[in-house]
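Results of the structural survey
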Amino acid sequence: MRIFLHILAISPALWLMWQGGLLYDFQDNMLTANPIKYIHHYTGEWAIRFLLLGLAITPLRQIIKWPNIIKYRRMIGLYAFFYVVLHLLNFVVLDYYFDWATILKEIIKRPAITFGMAAAVLLLPLALTSTKGWIRRLGKKWRRLHRVIYVIAPLAVIHNFMMVKADLFVPFIHLTILILLLGYRLAPKLGFSYTRG
Amino acid sequence: MLFKFLKSSDVKTCEITPEKTYMNRRIFMQDSARIGAGAASLAAFGGGLIGASPAMAAGRKLENITRSGRYDTDERQTSYKAVTSYNNFYEFGTGKEDPARYAHRLNVRPWTVKVDGHVDHPGDYDLDDLIRPHALEERIYRMRCVEAWSMVIPWVGIPLSDMIKRLSPTSKAKYIRFETLVDKKQMPGQKRRVIDWPYAEGLRMDEAMNPLTLMAVGLYGETLPNQNGAPLRLVVPWKYGFKGIKSIVRISFVSRKPNTSWQGLAAHEYGFYANVNPAVDHPRWTQANERRIGEFRRRDTLMFNGYGDEVAHMYAGMNLKKYY
Ligand code: HEM
């Protein structure tokens, strides 16, 4: 099961590389004529999907009564991080080719990118502390630390909204999912209760 | 914007066929289609194979094109495939590959253009009647998209000024306004209101009369592929690509500055003038540089996209930060 999930989760990246590997004329690329922009969108989309999927584990566990699914949450979170790293690397390496002055300026000057960067930076400690050792070492603090995901996910969705030029359809879907997932957690605090079997 | 699965077979056929070969083949196919039914069905079969990638939709070869070279750039031209498969034409969807995929639904013949407003010769013109009186010219221009990528495209068309002179606007005409076709059946992207259809664009009269401004009917020596704005589109090389309105059905001579589609969508991001200007950033990204399609490193963006000699005088004394 775990291996199957790994294959599933890594396949978008492999698919991207496979298509990119077919590149021999930059102009007539499989990844559109502008592959760098394509990779940007592609990795961004998969990053946000995995983030939302990670947040969906707790509700799914309770709704479809499959408690074991929690086992896979860490893996999903790490794949989210993986795609964020690819997304960021694409920005730094392929798009701006280590032009640090411009990169820094863009991160500071463009609120959309600031939000994305904030989300990525916040995700880093979560990824680093995802090992068994760190979970043990941090104890209770680990859970508190990993609540930062409730900040990261909205930042990512805001970033998604701001980066899109005109067609807000996909970001709206992401926002809807985010609201449902956060709402599910907030609802009991606001006095609603779910009947559990 | 969900990613799409391309069959590798779709594209490979095109990639291994050098542009010239397949153009010849296509012209040959059209000729044979004219010879007889048997040959025609053979050609249709060939067309089906080659047409596997919609970017390959056949254009008709245009005759009697003059080439003065006066305004041409000698930079490397962007491949036919890239020019015809990477498009912003939201009428067919907001993905870059949507236009090439869906534009075959557009029927470009016959095509009528309504001319109205402050003009001596208003009316509903057949496309041929608008174009034929003028000599077709090839113009190899840089095209700079507002999204910070660029291409070099050999357009075929007529100077807009020639057309305007013949239509003879009155002194009340200060601006010219263009409109794209609205037809949900032919343009599936219009089923959603991403833009308040019809797409509309405009130019100041002196911009419209500038010798660089082109009404294009073709590229690479052939009629325009639908995804590039067939059968008639505007090309204004010193402005961002979105000014180049496609599949035009209406040309109006007006006294007041018309509202444009992208202004309607986000006025603080897209202005009426939309001159290429490396010093005025888009609020969400820098316009100081761009990626030329086919190149890896970004290059510096040129003021007026490098056409300052021809156009800068029109904006003398204007604050281009305010009138972006
Ligand atoms: C948790 C972190 C992040 C997530 C989930 C994320 C997700 C996304 C998504 C979903 C998109 C829109 C894709 C589309 O329009 O189809 C996007 C676009 C973009 N992101 Fe991110 N992003 C993250 C972090 C970053 C960082 C750190 C940077 C750069 C420093 C960045 C730079 C960009 C840029 C430049 C675009 C626009 C690409 C274009 O339109 O050309 N993102 N991102």
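This text goes with the structure placed above it.
Residues numbered from 1 in each chain as written. Chains lettered and ligands numbered in written order. Predicted model: local features only at pLDDT ≥ 70, side-chain atom pairs only at ≥ 80, totals over all residues. Heavy atoms only, no water.

With that out of the way, let us pick up the sheet that holds strand S1 (residues 112-117) of chain B. Residues and elements named next belong to chain B. Spatially, the five strands line up as an open sheet ordered S2-S1-S10-S5-S6, and their pairing is mixed. A strand with exactly one partner marks an edge of an open sheet, and here the two such strands are strand S2 (123-126) and strand S6 (200-204). Direction aside, the axes of adjacent strands within the sheet are offset by 20 degrees on average. Two elements, strand S5 (residues 175-180) and S6, share five bridges in a ladder whose sense is antiparallel. By the bridge assignment, Glu-179 is partnered in S6 with Ala-200. Lying over the sheet, helix H7 (residues 160-167) contacts S1, S2, S5, S6 and strand S10 (248-254), oriented at roughly 65 degrees with respect to S10. (Pairing = 2+ DSSP bridges. Helix = DSSP H or I, 4+ residues; strand = E, 2+ residues; numbered from the N terminus. Axes fitted to C-alpha atoms, helices over the stretch in contact; angles between N-to-C directions. Contact = heavy atoms within 4.5 Å.)

For the rest of this paragraph, the subject is the layout of surface pockets. Residue and element names in this part refer to chain A. Taken as a whole, the largest pocket spans an internal volume of roughly 1200 Å³. As for the largest pocket, its lining consists of 37 residues, of which Thr-58, Arg-73, His-146, Ile-149 and Tyr-150 are closest to the centre. For the lining of the largest pocket, the secondary structure elements donating two or more residues are helix H2 (35-63), helix H3 (73-95), helix H5 (111-128), helix H6 (132-138), helix H7 (140-146), helix H8 (149-163) and helix H9 (169-189). Classifying every residue of the lining of the largest pocket by side-chain character gives 20 nonpolar, six polar and 11 charged. (1 Å grid on protein atoms, 1.4 Å probe; cavity = no way out; pocket = protein on both sides within 12 Å on 5 of 7 lines; lining within 4 Å. Points joined across faces, edges and corners; volume = space filled by probe spheres on them. Nonpolar A, V, L, I, M, F, W, Y, C, P; charged D, E, K, R; others polar.)

Let's shift gears to the packing of H2(A) against H3(A). Residue and element names in this part refer to chain A. Here H2 crosses H3 at 160 degrees, and the two axes come no closer than 8 Å. By the angle between their axes, H2 is roughly antiparallel relative to H3. As H2 packs across H3, the resulting crossing turns out to be left-handed. (Parallel < 35°, antiparallel > 145°, perpendicular 65-115°, else oblique. Left-handed = near helix turned anticlockwise from the far one by under 90°.)

Looking now at the site of the ligand. In the vicinity of the ligand lie 22 residues, with A:Lys37, A:His41, A:Glu45, A:His87 and A:His159 positioned nearest. Near the ligand, residues from chains A and B are present, making the site a shared one. Between the ligand and the protein, one listed contact pairs an oxygen atom with a side-chain N or O atom of A:Glu45 at 2.8 Å. Within the side chain of A:His159, a nitrogen or oxygen atom sits 2.7 Å from a nitrogen atom of the ligand. For the shell around the ligand, the elements supplying multiple residues, two or more each, are H2, H3, H5 and H8 of chain A. If you tally residues by element for the shell around the ligand, the top one is H2(A), at seven residues. (Near = heavy atom within 4 Å. Polar contact = N/O pair within 3.5 Å; in protein donor to acceptor, adjacent residues only side chain to side chain.)

What follows covers the pattern of salt bridges. Inspection of every chain in the model, using the stated rule, returns 28 salt bridges over all chains. When salt bridges that share partners are traced, they join B:Glu75, B:Arg142, B:Arg144, B:Glu290, B:Arg292, B:Glu295 and B:Arg299 into one network. (Salt bridge = Lys/Arg side-chain N within 4 Å of Asp/Glu carboxyl O.)

Residues and elements named next belong to chain A. Taken together, Met-1, Phe-4, Leu-8, Leu-60, Ile-63, Ile-64 and Trp-66 make up a surface patch of nonpolar side chains, about 700 Å² in accessible area. The set of elements that each furnish at least two residues to the nonpolar patch consists of helix H1 (2-21) and H2. Tracing the backbone through its elements, the reader meets Ile-64 in the loop between H2 and H3. Looking at Ile-64, the relative accessible area reads 47%, which means it is partly exposed. (Patch = residues over 30% accessible without salt bridge, like charges linked within 9 Å, V, L, I, M, F, W, Y side chains within 5 Å. Areas by Shrake-Rupley, 256 points an atom, 1.4 Å probe, with all protein chains shown as cover. Buried < 20%, exposed > 50% of the residue type's maximum accessible area, 1.4 Å probe, protein only.)

Before going further, it helps to spend a moment on empty space enclosed by the protein. Residues and elements named next belong to chain B. Applying the stated criterion across every chain yields a total of three cavities of 30 Å³ or more. The calculated volume of the second largest cavity comes to roughly 360 Å³. Along its surface, the second largest cavity is lined by 26 residues, and Asn-88, Phe-89, Gly-241, Phe-242 and Lys-246 are the ones closest to its centre. In terms of residues, the lining of the second largest cavity owes the most to one element, strand S4 (residues 149-159), which gives four residues. Counted by class, the lining of the second largest cavity contains 16 nonpolar, six polar and four charged residues.

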